[in-house]
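This is what each chain is made of:
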Amino acid sequence: MSKLTIVYYSQTGVNLKMAKLAAKTAQEYGAEVRLRRVKELRDTSNVTADSPWAKKIEAEKDIEIATPEDLVWADAIIISSPTRFGNIASQMKNFIDSLGAVWSKGQLVNKYVTAFSSSQNANGGQESTIKTIYTSAMHWGSIIVPTGFTDDSIYAQGGNPYGVSATQKDNDDIIENDVENAIIHQTKRLLDVASN
Ligand SMILES: Cc1cc2nc3c(=O)[nH]c(=O)nc-3n(C[C@H](O)[C@H](O)[C@H](O)COP(=O)(O)O)c2cc1C
């Protein structure tokens, strides 16, 4: 049985939804799954009640904070970050920058890594965000598992072969069905590759 750790950051809930769907898919596919969020760095004491951010905080309150050990434990890793000015969220970078000790012991070598992102605009930097995650994975000696064009769902979600990229529509219906299918495919593909 493959061991999968999913690490995400989400402010308004999109990446949380994506990560949860990947976790459900992987569990149903027979994997042992750790779903983990990275630590918030912003001051959340004044978040407006009933805002997407407040709802997201409530929705993830039972999800544990990621530790480097969660990656060491895993065979396969999914990293999911919103796009921030064409880059990953600083909260995710902060977690990545906590991996020095496990990296220096070679404990991320040969992990199978894939990534998701979301943004407001289809051409707003999803690809560069995913490639930034893959750049760090190269330093770890991990094995990057992009989707390529391995399934029709990749074309349907916009044709990004680097990884699933959700374009946020609104806060009530933030994941479209074609993105869901691509998340399911990417998750299963990662587990298939990791178990070969
Ligand atoms: C500070 C900041 C920077 C952002 N930069 C971009 C960007 O470069 N391109 C884009 O299309 N959307 C950008 N967005 C929008 C987010 O990427 C988008 O809302 C994303 O789906 C949020 O994911 P989440 O709900 O998981 O937090 C930005 C949002 C914030 C708050």
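As shown above, the structure is provided for reference.
Draft legend 1. Region of interest: the side chain of D70. Position of D70 among the secondary structure elements: in helix α3 (residues 68-73). Overall, the relative accessible area of 3% leaves D70 in the buried class. Polar side-chain contacts of D70 include one of 2.7 Å to the side chain of R34. What D70 contacts, discounting residues up to four positions off in sequence, is T5, R34, R36 and I65.

Draft legend 2. Representation of helix α1 (residues 14-28) within the structure. Here α1 is 15 residues long and its end C-alpha atoms lie 21 Å apart, about the 21 Å a rise of 1.5 Å per residue gives. All of the buried residues along α1 are V14, N15, L16, M18, A19, L21, A22, A23, T25 and A26. In the stretch just after α1, G30 is the one whose phi turns positive, near 100 degrees.

Draft legend 3. Quick look at the environment of N87. Structurally, N87 can be placed in strand β4 (residues 87-88). Residue classification places N87 among the partly exposed residues on the basis of a relative accessible area of 36%. Note: C-alpha distance between N87 and V109 (22 residues apart in sequence) is 24 Å.

Draft legend 4. Geometry of the pairing of strand β1 (residues 3-8). Of all six residues in β1, five are buried, a share of seventy percent or more. Judged from the six bridges that link them, β1 and strand β2 (residues 32-37) form a sheet pairing that is parallel. Residue pairing in the sheet places T5 in a bridge with R34 of β2. Handedness of the crossover is the feature at issue here: the chain leaves β1, passes through α1, returns alongside β2, and the resulting connection is right-handed.

Draft legend 5. Representation of the pattern of salt bridges within the structure. Inspection of every chain in the model, using the stated rule, returns nine salt bridges. One salt bridge connects K61 with E58, and the closest N-O pair in it is separated by 2.9 Å. Each of R34, R36, E64, E69 and D70 takes part in one network of salt bridges that share partners.

The rules we used
- Residues numbered from 1 in each chain as written.
- Predicted model: local features only at pLDDT ≥ 70, side-chain atom pairs only at ≥ 80, totals over all residues.
- Heavy atoms only, no water.
- Helix = DSSP H or I, 4+ residues; strand = E, 2+ residues; numbered from the N terminus.
- Buried < 20%, exposed > 50% of the residue type's maximum accessible area, 1.4 Å probe, protein only.
- Polar contact = N/O pair within 3.5 Å; in protein donor to acceptor, adjacent residues only side chain to side chain.
- Contact = heavy atoms within 4.5 Å.
- Expected span 1.5 Å × (residues − 1).
- Pairing = 2+ DSSP bridges.
- Right-handed = clockwise from strand over helix to strand, strands pointing away.
- Salt bridge = Lys/Arg side-chain N within 4 Å of Asp/Glu carboxyl O.

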